[in-house]
Amino acid sequence: MAGVTGRLVRGWCPRAVRRLSLLLTSILQCLSFTFLPVAKFTQPFRNHFGNHCWERRNLFCPSSSLQVPAQLHMSKTAMGASQKDFESAMNQVKLLEKDPGNEVKLKLYALYKQATEGPCSTPKPGVFDLINKAKWDAWNALGNLPKETARQNYVDLVSGLSSSSDSSSQVKPEADREQAGYETLVMTSEDGITKIMLNRPTKMNALTTQMYQEIMLALEAASKDDSTITVLTGNGSYFSSGNDLTNFTHISPDEIEEKARRGAILLRDFVGCFIDFPKPLVAAVNGPAVGISVTILRLFDLVYASDRATFHTPFSHLGQTPEGCSSYTFPKLMGPGKAAEMLIFGKKLTAAEACAQGLVTEVFPDSTFQKEVWTRLKAYSKLPRNALRISKQMIRNHEKEKLHATNAEESRILQERWLSDECMNAIMNFLSRKAKM
Ligand SMILES: CCCCCCCCCCC/C=C/C(=O)SCCNC(=O)CCNC(=O)[C@H](O)C(C)(C)COP(=O)(O)OP(=O)(O)OC[C@H]1O[C@@H](n2cnc3c(N)ncnc32)[C@H](O)[C@@H]1OP(=O)(O)O
């Protein structure tokens, strides 16, 4: 007890901890509504997708543990899906033998609606109409995602599901063979390009600890596969809303120091993977980016952005400090004044502003973003692979040591920040905003 109290006095104010604990209890009580058994949930999806032999599952599975994924597939993907591809994907969905789980079904539903009807404009169902609310939320979360992008994402998702369910009954060609499993990403490979797509669109692709782990595994796999270029992008309306602030919840006061220590190691390892990535790495920033999803961009070789994207690093607002090597790369890139506006004062940049500062390589209209980016990348992927790889490493090697040192220092400072009242109060504010809604 004395040890716990000591830690509280040093780090977290006890009143604030009690407040957080009460708040979390009430949030958990609210959330327990969503972990309902599920017979209720499957039927409406079957109505839409046909009568499959799907098991009953929970609609939302709590998935923020540090598990290594159970199964994963690398599948071929359609990067510019036609109406025919889309219709064929709809037929494939009906033939799936394995229940893909309610989370995936929600994504399929949302993408289908977006692809066929455009942005959600129907009234939000009442709070007790759980099924329709979940479906509405999933569709609404896609924002103004263009119909053609939704169609393509639908085809990509179905293609992944089909190859995963085929794998038990067929031997596939080498390039298509099942590799491992991800729950929070979709990883596909085609035409010399490996695409890693962040796949929590209803949470704006906020990064859970599981997601950091899966991205590291995916980068490791991509660094060794036979593709020429690796691309990171987001599913839905956001590129990513940065660190998932619920990473800070479910922590008792006596665990906090250890969690912060492990969080700092996770952060250092995660950013380290981008510093060391050996092949050309491209970010296709499909929508707004927040926090760490902005800072790491400087570690990419190309950053293509939709004109809908924004770039926001509200670290001070969260009682936190810069990471992703941005305390070194941003001032070097845009000068100390502009870097201070972003990193200290949290100024949000438009895509055009980020391009003017050199953070973004090129901006494309949202309506043609996917088509133009993938056409460009397909052409680049035909260039001699080894030359691309060696040139990238020549550019990166000048400052690798400095980047690793910066990364280690930023992670160390954040470890301390996470124990501060400023940080905890900011996270409480975000979570209580949710609890009030
Ligand atoms: C002890 C510590 C261990 C920690 C280990 C961590 C290791 C690595 C740390 C790396 C450091 C990184 C720092 C950062 O990235 S700082 C930036 C953090 N991000 C934010 O502050 C953004 C917070 N989100 C928002 O401001 C808004 O959600 C947003 C503007 C993005 C969108 O607003 P909008 O109104 O359009 O949509 P909603 O808010 O309704 O969002 C829809 C649902 O998604 C949930 N959501 C979105 N973003 C996050 C997030 N970052 N964390 C948690 N949840 C998020 C949101 O709550 C909604 O969920 P519900 O539908 O369930 O309400």
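Description of the structure in this document. This is a predicted model, so every value here is computed, not measured. (Residues numbered from 1 in each chain as written. Predicted model: local features only at pLDDT ≥ 70, side-chain atom pairs only at ≥ 80, totals over all residues. Heavy atoms only, no water.)

**Topic: helix 11 (residues 326-334)**
Those residues of helix 11 not exposed but buried are S326, Y328, T329, F330 and M334. Those residues of helix 11 hidden inside the fold are in contact with helix 10 (292-295), helix 12 (336-343) and helix 16 (400-417). Following helix 11 by one or two positions, G335 has its phi on the positive side, about 90°. (Buried < 20%, exposed > 50% of the residue type's maximum accessible area, 1.4 Å probe, protein only. Helix = DSSP H or I, 4+ residues; strand = E, 2+ residues; numbered from the N terminus. Contact = heavy atoms within 4.5 Å.)

**Some points on the pairing of strand 3 (residues 229-234)**
Among the six residues that make up strand 3, six are buried, leaving the element largely enclosed by the rest of the structure. In the sheet, strand 2 (residues 193-198) pairs with strand 3 via six bridges, with the strands oriented parallel. Its bridge partner lying in strand 3, M197 is registered against T233. Remark: the strand 2/helix 8 (residues 209-224)/strand 3 crossover connection has right-handed handedness. With four bridges connecting them, strand 3 and strand 4 (residues 281-285) associate as parallel partners. Across the sheet, the residue bridging to L232 is A283, located in strand 4. Between the parallel elements strand 3 and strand 4, the chain passes through helix 9 (residues 256-276) in a crossover that is right-handed. (Pairing = 2+ DSSP bridges. Right-handed = clockwise from strand over helix to strand, strands pointing away.)

**Regarding the site of the ligand**
Near the ligand there are 27 residues, and of these K203, S241, N243, L245 and R433 occur at the shortest range. A distance of 2.8 Å separates a nitrogen atom of the ligand from a polar side-chain atom of S241. In this structure, I292 approaches the ligand through a main-chain N or O atom, which is 3.0 Å from an oxygen atom. For the ligand, whose accessible area on its own is 1,200 Å², the fraction buried by protein is 80%. When residues of the shell around the ligand are traced back to their parent elements, those giving at least two are helix 9 and helix 17 (421-436). Top element by residues in the shell around the ligand is helix 9. It accounts for four residues. Per-class residue counts for the shell around the ligand are 15 nonpolar, six polar and six charged. (Near = heavy atom within 4 Å. Polar contact = N/O pair within 3.5 Å; in protein donor to acceptor, adjacent residues only side chain to side chain. Areas by Shrake-Rupley, 256 points an atom, 1.4 Å probe, with all protein chains shown as cover. Nonpolar A, V, L, I, M, F, W, Y, C, P; charged D, E, K, R; others polar.)

**Section: helix 12**
Every buried residue of helix 12 is accounted for by A339, A340, M342 and L343. Axial view of helix 12: buried residues confined to an arc of 165°, hence all on one face. Next to the buried residues of helix 12 lie helix 10, strand 7 (310-312), helix 11 and strand 8 (349-350). (Arc of directions from axis to C-beta.)

**Considering the pattern of salt bridges**
Summed over the entire model, instances satisfying the criterion amount to 18 salt bridges. Across the pair R262 and E258 runs a salt bridge whose closest N-O atoms are separated by 3.3 Å. In this pair, R262 and E258 are both assigned in helix 9, four residues apart and thus about one turn of the helix distant. Among the ionic pairs, D301 bridges to K392, the shortest N-O distance being 2.8 Å. Taken together, the positions of D301 in the loop between helix 10 and strand 6 (302-306) and K392 in helix 15 (residues 385-397) put the pair 91 residues apart, joining distant regions of the chain. Taking relative accessible area as the criterion, D301 reaches 33% and is therefore assigned partly exposed. A relative accessible area of 5% places K392 in the buried class. When salt bridges with common partners are traced through the structure, they connect E258, R261 and R262 into a single cluster. (Salt bridge = Lys/Arg side-chain N within 4 Å of Asp/Glu carboxyl O.)

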